[in-house]
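Descriptive analysis of the structure
One letter stands for each residue in the lines below.
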Amino acid sequence: MLQSFSAVQRQDMAMLFLKIRGASISILEIFWGLWLIPLGQIIYTSNIIPGIIGILLIIGGLAYIVESVTFLLFPETTWIIMQYLFVFYSLAEVVTIFWLLIKGAKDHQQN
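Residues numbered from 1 in each chain as written. Predicted model: local features only at pLDDT ≥ 70, side-chain atom pairs only at ≥ 80, totals over all residues. Heavy atoms only, no water.

**Points about the nonpolar core**
Inclusion rule: To qualify as a nonpolar core, a set must consist of buried Ala, Val, Leu, Ile, Met, Phe, Trp, Tyr and Cys residues joined through side-chain atoms within 4.5 Å. The classification of residues rests on relative accessible area computed with a 1.4 Å probe and restricted to protein chains. Under 20% of the type maximum is buried, over 50% is exposed, and intermediate values are partly exposed. Counting from the N terminus, the helices are DSSP H or I runs at least four residues long and the strands are E runs at least two residues long. We call two residues in contact whenever any of their non-hydrogen atoms come within 4.5 Å of each other.
With ten residues, the main nonpolar core is built from L36, I43, I49, I53, L57, A63, Y64, L85, Y89 and A92. Of all the elements in the fold, those that place two or more residues in this core are α1 (7-45), α2 (51-73) and α3 (78-103). Per-element accounting of this core gives the leading share, four residues, to α2. In this structure I43 touches I49, P50, G51, I53, G54 and L57, once residues within four positions along its chain are discounted.

In structure tokens form, the structure reads like this:
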């Protein structure tokens, strides 16, 4: 089926699909951020996991949203912004993962 296209056309189509993939991931990052914000709020208000992890998750969620909106509105500056925001959402997710793996959630006993 692809033999009907020239080599240049196939390369252009491949580049188009790669750009669509990048835009799709950027749109998905909005939902990743929107997921982390309520999770951070739940963790912050609970006594099962330390509140600082909840704050980190809220900041990480906001960083995902800012990065995604920057990509959609100002695609030229995305790489500059991403270098700084990467630290925030990576730190939030890694700290949460390691806290749950190493320390775990405390047993919460109801009175």
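**As for the packing of α2 against α3**
Definition in use: Only the stretch in contact is used when a helix axis is fitted, and all axes are lines through C-alpha atoms; the angle between N-to-C directions ranges over 0 to 180 degrees. Orientation is classified from the angle alone, with under 35 degrees giving roughly parallel, over 145 giving roughly antiparallel, 65 to 115 giving roughly perpendicular, and any other angle giving oblique. Crossing handedness: left-handed means the near helix sits turned counterclockwise from the far one by under a right angle, and right-handed means the same turn made clockwise. By the convention adopted, Pro, Cys, Tyr, Trp, Phe, Met, Ile, Leu, Val and Ala count as nonpolar, Lys, Arg, Asp and Glu as charged, and the other residues, Gly among them, as polar.
Contact geometry for α2 and α3: axes closest at 8 Å, N-to-C directions at 150 degrees. What the angle tells us is that α2 and α3 run roughly antiparallel. Handedness of the α2/α3 crossing: left-handed. Here α2 contributes I53, L56, L57, I59, G60, A63, Y64, V66, E67, T70 and F71 to the contact with α3, which in turn contributes T78, I81, M82, L85, F88, Y89, L91, A92, E93, V95, T96 and W99. Partitioning the contact of α2 with α3 into residue classes produces 17 nonpolar, four polar and two charged.

**Let's talk about a nonpolar patch on the surface**
To keep things clear, this is the line we draw: Patch membership requires more than 30% relative accessible area and the absence of a salt bridge. Residues of like charge join within 9 Å; the nonpolar side chains Val, Leu, Ile, Met, Phe, Trp and Tyr join within 5 Å. Accessible surface area values rest on a Shrake-Rupley calculation with a 1.4 Å probe, where residue burial reflects the displayed protein chains alone. For salt bridges, the criterion is a side-chain nitrogen of Lys or Arg within 4 Å of an Asp or Glu carboxyl oxygen.
On the surface, I27, L28, F31, W32, L34, V69, L72, L73 and F74 cluster together into a nonpolar patch covering about 880 Å² of accessible area. Sorting the residues of the nonpolar patch by element identifies α1 and α2 as the ones contributing at least two each. Of the residues forming the nonpolar patch, the biggest block, five residues, is contributed by α1. Of the residues examined, L28 reaches a relative accessible area of 43% and is grouped as partly exposed.

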